[in-house]
Every structure is written in structure tokens, then in C-alpha cells.
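Each chain, letter by letter, is given below.
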Amino acid sequence: MLYSIFSLILTAAALRGALAVPSTRFGAKNILRSCPLFKGNFTIEQFQLYPENGEFDFKSCLLYVSNLYNGTMSVIDPYERAVVDIIEFPGISHTPGLFVSGLEIDTQTGLIAILANSGAAFVTQPAGSDISGPNIVMLWDPMTKKELWRINLTDTSKGVYGGFADVELDPAGNVYVNGMFPGTIMKLEKCGRGKVPKVKEWFLSQPRNTSINGFGGLAAKDWTLLTHNNADGQLLKFDMRSPVGKPVAIPMTPNTIFLNSDASYLPPKYNNTVWLISGGPGIRVLRSKDAKWNTAEFMGTVEKASLGLLPNHLATAVVQIGQGLNMLTLHTGDDVDAVSGGNRTAFPFIDITDRVEKLLSI
């Protein structure tokens, strides 16, 4: 979910209760009743938070946020506008050049898959020219606050491709990780408590040219995996039941090409019929009325400039909290070092609910 960071560099060069087990995001009508109503902007006061991605748990009513530069994960009570815990990962947190970006809650077990990736692929110019360094996927238990396993994807990629950015899961608990340079999807099979998974090269773009921008973030609906290809602007879907990844292009009407995507998200309130793609000018809004994603309607963009954000304030993700939709913003340019955060202490989570609803009503 880091495409926006290297795009910006290129442009410049040119507790609500205890920490309960997170619940499933499927069955939206039921889970949306489990937390108090929430809608509106809020700001979290926390030194060097720098959020990249987030997942809201509709059982504990807590928000899990990846803190990019510090390599940590914050647990936030949005109703109290407060951080209730910060999770550190030995050998990762506060290690220069190691980012924590993607995270996803397992809908069956409540465990959280977390990606710590080497930032060099995104900040060294030209982007994709340095894909060295570790890319670690972890499984974390929010009940025991313990890491269950970790595995380094670089042991499989051998430095031939990289730029890993996001994670998703299928209904069986297998973990999928997308790469940017070039478009890649790794599958971690047989994940679970005490079971270090087997890493499989599930889909590899050809040729393996790391100067080619690949996949933005991932989103999943049942056994369907969705992503956007920054190489050609296509929307893609995969059947996660297939032994190897076979991309299927999703036609978009009107035909719209954009090449700067970050996170992908299917808000639970829309029952998988709305796909929000972060990055570039803001949040793109797409719709599939039958939720099959054989085709997609491009409904428009929630422009970050209209929200008062500067070009170096990156729209990295959207998360649904209660009934509201809040955009996560990563402030870059706070420090001369591209792999570490600055001294910022206040981080806004901007409500875009009404703007998305307006686009969907057109």
C-alpha cells in the first residue's frame, strides 16, 4: 500500500472494553449492529503515528492501525479518540527502513496477519531499483498479545521481485501478499496457530522487470480477490480456489485509466458492492450492483484537495468505523529522511461518508 509514497518522491524529484478477538467482516447486517453509531472526523494525538492502513473490529469496537515508519501497530478506541495500546514487534519495530504496512483480520479465527516490508523498494529512486531487505509476514493474536509465527518472503523471492505492500485472506485462512515490482501475489498456505505456513509463488507477472509498477492493495469477497494493476490501469480479480493465480480483467464503465493506486477496500455497509481504491488524487469509488465484480462502474473520486489536504498528505486507505467511512492520511515531508517519520503528533481520520454516498447516488 505504498505506491503513493514513491509517486510523491518521483514528483518531488521531477479501550472500548478489553482487546477482544476481532470479528468477521462478512455478514455486514449483523456486525454493524454490534458497535455504537459512529460518524465524523476525529484526530488521534500520538507521537509518530503515521498510519498506513487500518482495520476496525466490530466486536471490540477497536481500530487496528499500522504505523508505517515506526514499524508498530496501534490499537485505537475511536469513540474516545485515544490510543489504548501500541504493539511492538521484536527485530522490526524502530528499525530504520522496515515499514509496517498491510494488516488484515482473519474472519474465522480473529488473528491478525501483518506485513513488515522493506521500504527501499519504494523510497530508493528509481522505484523498484532496490528490492533488497526482509519482507516479513506475521500472525498476531490480539487475545494473548503474542506473535504466533513469522516468515520472510525474501527467502522465496530471492530478490528477483519485491515491493510487497498488502495482505488479504481467503475463507480458509490462507494469506495473500501483493508485490509492486512487478505485479506479484504470494500465497501463504496452511496458516494458523503454531503452524508456520508454506510460501507459494501464486502469481508472477512476466517479464519480472522491477521497473514496472504492479499491484496496489488487495480486497477480498469470499473466494474472489480484487486488485488494481498500476502497470496498465486494469482492475483484476482472481479465484482464490485456483492452485495458481489467473487474473481476469474487470471492464470499467465509463472506461477510466488511473495508474497510482494504493489500498483497496470493500466497506461492510455496502455488502461487497462498493470498492474504494485509495491513492493519487484521493479515493476512487467503484460499484458492482450484484457484488460479483464481473464489471465495475466508476462513480467518481473523493478528491483529497477538496478536504484541505496538501499534495504530500497521502490518502493511503479507508476504514469503516460504525456506519462511517474515515480516510487515513499519511503525512510525508515531515523529515528529510524518507524512511523515518518526523515529529508530528496529531493525525486526522477524515470522514468521507457523505462524499461517497453522493457519488453513489449519481
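Owing to the predicted nature of the structure, the values given are computational and were not obtained by experimental measurement.

*Asks:* So, the overall build of the chain: which residues are in play, and what are the values?
*Replies:* Counting its secondary structure elements, the chain contains five helices and 25 strands. Out of the 362 residues belonging to the chain, those deemed buried represent 62%. Just so you have it, the chain exposes about 13300 Å², and 53% of that area is on carbon and sulfur atoms.

*Asks:* Residues and numbers for the confidence of the model for the chain, please.
*Replies:* Chain-level pLDDT for the chain is 89 on average; 90% of the residues reach the 70-or-more range. Ignoring residues within four places in sequence, the model shows residues 6–27, a span with pLDDT below 50, making 69 contacts including any to other chains.

*Asks:* Quick one: what's the story with the nonpolar core, residue by residue and with numbers?
*Replies:* Residues Phe56, Leu63, Val285, Phe349 and Val356 are the most contacted members of the largest nonpolar core, which totals 44 residues. For this core, the element with the most residues is strand 23 (residues 313–321), which contributes six residues. Setting aside chain neighbours within four positions, we find phenylalanine 349 in contact with Gly40, Asn41, Phe42, Ile44, Leu49, Pro51, Leu63, Val65, Ile76, Asn326, Met327 and Leu328. With 19 residues, the next largest nonpolar core counts Leu115, Ile151, Leu153 and Leu169 among its residues.

*Asks:* Outline the packing of aromatic side chains, supporting the account with residue identities and numerical values.
*Replies:* Inspection of every chain in the model, using the stated rule, returns 15 aromatic pairs. Seen in terms of ring centroids, tyrosine 69 and phenylalanine 99 are 5.6 Å apart; in terms of plane orientation they differ by 85°. Their pairing is edge-to-face. On the criterion of sequence distance, the pair formed by tyrosine 69 in the loop between strand 3 (62–67) and strand 4 (72–77) and phenylalanine 99 in strand 6 (residues 98–105) is long-range, its members being 30 residues apart. Comparing tyrosine 69 with phenylalanine 99, the two get one shared label, buried. Members of the aromatic cluster, connected to one another through ring pairs, are Tyr176, Trp202, Phe203, Phe215 and Phe238.

*Asks:* Tell me what's going on with the sheet that holds strand 23, and back it up with residues and numbers.
*Replies:* Read from one edge of the open sheet, four strands run 1-25-24-23, paired in antiparallel fashion. The sheet is open, and its two borders are formed by strand 1 (42–45) and strand 23, each paired with just one other strand. If you compare each strand with its neighbour and ignore which way they point, the axes differ by 30° on average. One ladder, built from eight bridges, connects strand 23 with strand 24 (residues 324–331); its direction is antiparallel. What sits directly across from glutamine 320, in strand 24, is leucine 325.

*Asks:* Before we move on, could you go through the side chain of glutamine 320 and cite the residues and values that matter?
*Replies:* Assignment of secondary structure puts glutamine 320 in strand 23. Judged by its relative accessible area of 0%, glutamine 320 falls in the buried class. A distance of 2.9 Å separates a polar side-chain atom of glutamine 320 from the backbone oxygen of glycine 322.

*Asks:* Before we move on, could you go through the state of the cysteines and cite the residues and values that matter?
*Replies:* Per the stated rule, a full pass over the model turns up one disulfide. Shown here is the disulfide that connects cysteine 35 with cysteine 61, its sulfur atoms set 2.1 Å apart. Its S-S torsion of approximately -105° makes the covalent link between cysteine 35 and cysteine 61 left-handed. Taken together, the positions of cysteine 35 in the loop between helix 2 (28–31) and strand 1 and cysteine 61 in the loop between strand 2 (51–57) and strand 3 put the pair 26 residues apart, joining distant regions of the chain. Note on cysteine 35: relative accessible area 8%, which makes it buried.

*Asks:* Provide a residue-level description of the pairing of strand 23, including the pertinent values.
*Replies:* In terms of burial, strand 23 is a largely internal element, nine of the nine residues being buried. Taking the residues between adjacent antiparallel strands as the criterion, strand 23 and strand 24 are bridged by two residues, where glycine 322 takes a positive phi near 60°.

*Asks:* Give a detailed account of the pattern of salt bridges, specifying residues and quantitative values.
*Replies:* Under the defined criterion, the tally for this structure stands at ten salt bridges. A salt bridge links arginine 150 to glutamate 147; the shortest N-O distance between them is 2.6 Å. Several salt bridges share partner residues, and in doing so they unite Lys39, Asp351 and Asp354 into one network.

Cut-offs and rules
Residues numbered from 1 in each chain as written. Predicted model: local features only at pLDDT ≥ 70, side-chain atom pairs only at ≥ 80, totals over all residues. Heavy atoms only, no water. Helix = DSSP H or I, 4+ residues; strand = E, 2+ residues; numbered from the N terminus. Buried < 20%, exposed > 50% of the residue type's maximum accessible area, 1.4 Å probe, protein only. Areas by Shrake-Rupley, 256 points an atom, 1.4 Å probe, with all protein chains shown as cover. pLDDT = per-residue confidence, 0-100. Contact = heavy atoms within 4.5 Å. Core = buried A, V, L, I, M, F, W, Y, C linked by side-chain atoms within 4.5 Å. Phe/Tyr/Trp six-rings, centres within 6.5 Å; stacked < 30°, edge-to-face > 60°. Pairing = 2+ DSSP bridges. Axes fitted to C-alpha atoms, helices over the stretch in contact; angles between N-to-C directions. Polar contact = N/O pair within 3.5 Å; in protein donor to acceptor, adjacent residues only side chain to side chain. Disulfide = S-S within 2.5 Å. Salt bridge = Lys/Arg side-chain N within 4 Å of Asp/Glu carboxyl O.

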